[in-house]
Structures are given as C-alpha cells and as structure tokens.
Amino acid sequence: MAALDIGLPGMDGIRAAAEIAGRWPEVRIVMLTAHDLRDEVFAALAPGADAYCLKNAAPELLFLAIRAAAGSAYLDPQVAHHVLGGIRVPHATSPLTPRETEVLRLIADGQGNRKIAQPPGISVSTVKLHVQDILVKLRAADRTQVAVQALRRGLL
C-alpha cells in the first residue's frame, strides 16, 4: 500500500500514483491530501488511487480509507459530491417521442434535415418540426447544444 499526497515535492502524487499503478498494479494507493478541488480529485482517481482522504478528516475516517483501499475503495465524504456530480444518470423516461429520438440520433451524427428526412421517408418540413420540438423539450438553443444535452441525459 502507498499513501501519497498530491502536493509531493519533486514528483507530485498524481504522477507518482500513475507510475506506481503502471509498474506495480497490485499496490493499493491512498491519496491523503488537503486538495479538495474537483479536478484534483479526478486527476488522483484516474491513474488508480483506491482511496481519497482529506488530511483534515477525523482519524477514524483515515483508518476507514486505509482499510477500504486494501480491498475496495474509499472516497472522503467532503469530496464525494465532485465525483457524484460528474456522473450522468440516464433519465428513467425520455421526454422525446420515438420519432424525435430517431431524429436526435441523426442530429448527433451530424446529419442535416434533408438527410434525416430520407430514411423514414418524411418531409423536410416535418423534420424541422421535430427538431424544434426536440430543442424545446431539451431546452437547447441549437443542434450542438441538443446533442450535448442528450448525451448528458443519457438519451443517446
């Protein structure tokens, strides 16, 4: 097991974690740090940190982090919102009709209205109506935003 701090002198803890995980994948890594910014949390977890604990945590949380890292994972409650906020959970139900979902997929693929109209055999005017309905339902200003919203909501 290795306990690292993001702010290590010389080689920072994130680079050290990546190096350790690459050379010795069986070594469990605990990040014990004062850094609680979203980017730092993700940067530490990406190379393979098994636990992330803040230095100002109660001692029992540090022990919990070390024990958890030995067989599973641990995330300090003070930074958990960063990770949970980065997860996009698909909506249980889509606000779109099946036809709108089909049009949305083609929009996300970069297809223009004429190309979208061809496979289902609908008019370009009907496609434009579907596109407008999709924009309204997903609260997007343009086709790019609608594709981004669809990805975030798990609609694609």
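This structure is a prediction, so every number in the text was calculated from the model and none was measured. Per-chain numbering applies: the sequence of each chain, read as written, is numbered from 1 onward. Given that the model is predicted, a residue must reach a pLDDT of at least 70 before its local features are reported, and side-chain atom pairs must reach 80 or more before they are shown or counted; all residues, however, enter totals for whole chains, interfaces and linings. Water and hydrogen atoms were dropped before computing side-chain values, which therefore reflect all heavy atoms in the structure.

## Regarding the overall build of the protein chain
A run of H or I in DSSP becomes a helix once it reaches four residues, and a run of E becomes a strand once it reaches two; helices and strands are each numbered from the N terminus. Of regular secondary structure, the protein chain possesses 8 helices and 4 strands. Only C-alpha atoms enter the radius of gyration; for comparison, a globular chain is expected to reach 2.2 Å times N to the power 0.38, where N is the number of residues. For the protein chain, the C-alpha radius of gyration of 23 Å lies well beyond 15 Å, the compact-globule estimate for 156 residues. Each principal axis of the C-alpha atoms in the protein chain carries an extent, and together these give about 65 × 30 × 25 Å. We call a residue buried when its accessible area falls under 20% of the maximum for its residue type, exposed when it is over 50%, and partly exposed in between, using a 1.4 Å probe and counting protein chains only. Expressed as a percentage of its 156 residues, the buried residues of the protein chain come to 35%. The contacts in the protein chain between residues at least 6 apart in sequence include a share of 50% that link residues at least 24 apart. For the protein chain, the accessible area works out to roughly 9200 Å², and carbon and sulfur atoms hold 57% of it. Should any heavy atoms of two residues lie within 4.5 Å, those residues are considered in contact. Accessible surface area values rest on a Shrake-Rupley calculation with a 1.4 Å probe, where residue burial reflects the displayed protein chains alone.

## Some points on the side chain of Asp50
Summarising the element assignment, Asp50 is placed in the loop between helix 2 (38–45) and strand 3 (51–54). Whenever a nitrogen or oxygen atom comes within 3.5 Å of another N or O atom, the pair is scored as a polar contact, on the condition that within protein one atom can donate a hydrogen and the other can accept it, and that pairs from neighbouring residues in sequence are kept only if both atoms are in side chains. Within polar-contact distance, the side chain of Asp50 engages the side chain of Arg28 at 3.4 Å. Contacts of Asp50, omitting those with residues within four sequence positions, involve Val27, Arg28, Ile29, Ala69, Ser72, Ala73 and Tyr74.

## Side note on the UniProt feature "domain: Response regulatory" (unreviewed entry) in the protein chain
UniProt positions are given in the numbering used here, feature names are shortened, and annotations may be inferred rather than shown by experiment. Cross-referencing UniProt, the feature "domain: Response regulatory" (unreviewed entry) maps to residues 1–70 in the present numbering. Helix makes up 44% of residues 1–70 and strand 17%, and the two end C-alpha atoms of the span are 8 Å apart.

## Focus on a nonpolar patch on the surface
A surface patch of nonpolar side chains, about 310 Å² in accessible area, is lined by Met1, Phe63 and Ile66. With respect to the helices and strands, Ile66 occurs in helix 3 (residues 59–71). A relative accessible area of 35% places Ile66 in the partly exposed class. To count toward a patch, a residue needs a relative accessible area over 30% and no salt bridge; like charges are then connected within 9 Å, while nonpolar side chains (Val, Leu, Ile, Met, Phe, Trp, Tyr) are connected within 5 Å. Salt bridge criterion: a side-chain nitrogen from Lys or Arg within 4 Å of a carboxyl oxygen from Asp or Glu.

## Some words on the sheet that holds strand 4 (residues 74–75)
When DSSP finds two or more bridges between a pair of strands, those strands are recorded as paired. An order of 1-2-3-4 is seen for the 4 strands of this open sheet, with the pairing classed as parallel. Whereas interior strands pair on both sides, the edge strands pair on one side only; in this sheet they are strand 1 (2–4) and strand 4. Relative to strand 2 (residues 29–33), strand 1 runs parallel, the two being bridged by 3 bridges. Following the sheet pairing, Ala2 is matched in strand 2 by Ile29. Throughout, an axis means a line fitted to C-alpha atoms (over the contacting stretch in the case of helices), and angles, computed between N-to-C directions, take values from 0 to 180 degrees. Contacts between helix 1 (residues 13–23) and the sheet are confined to strand 1 and strand 2, with strand 2 contributing the most and set at about 175 degrees to the helix. In the packing of helix 2 onto the sheet, contacts are made with strand 2, strand 3 and strand 4, and the angle to strand 3 comes to roughly 145 degrees.

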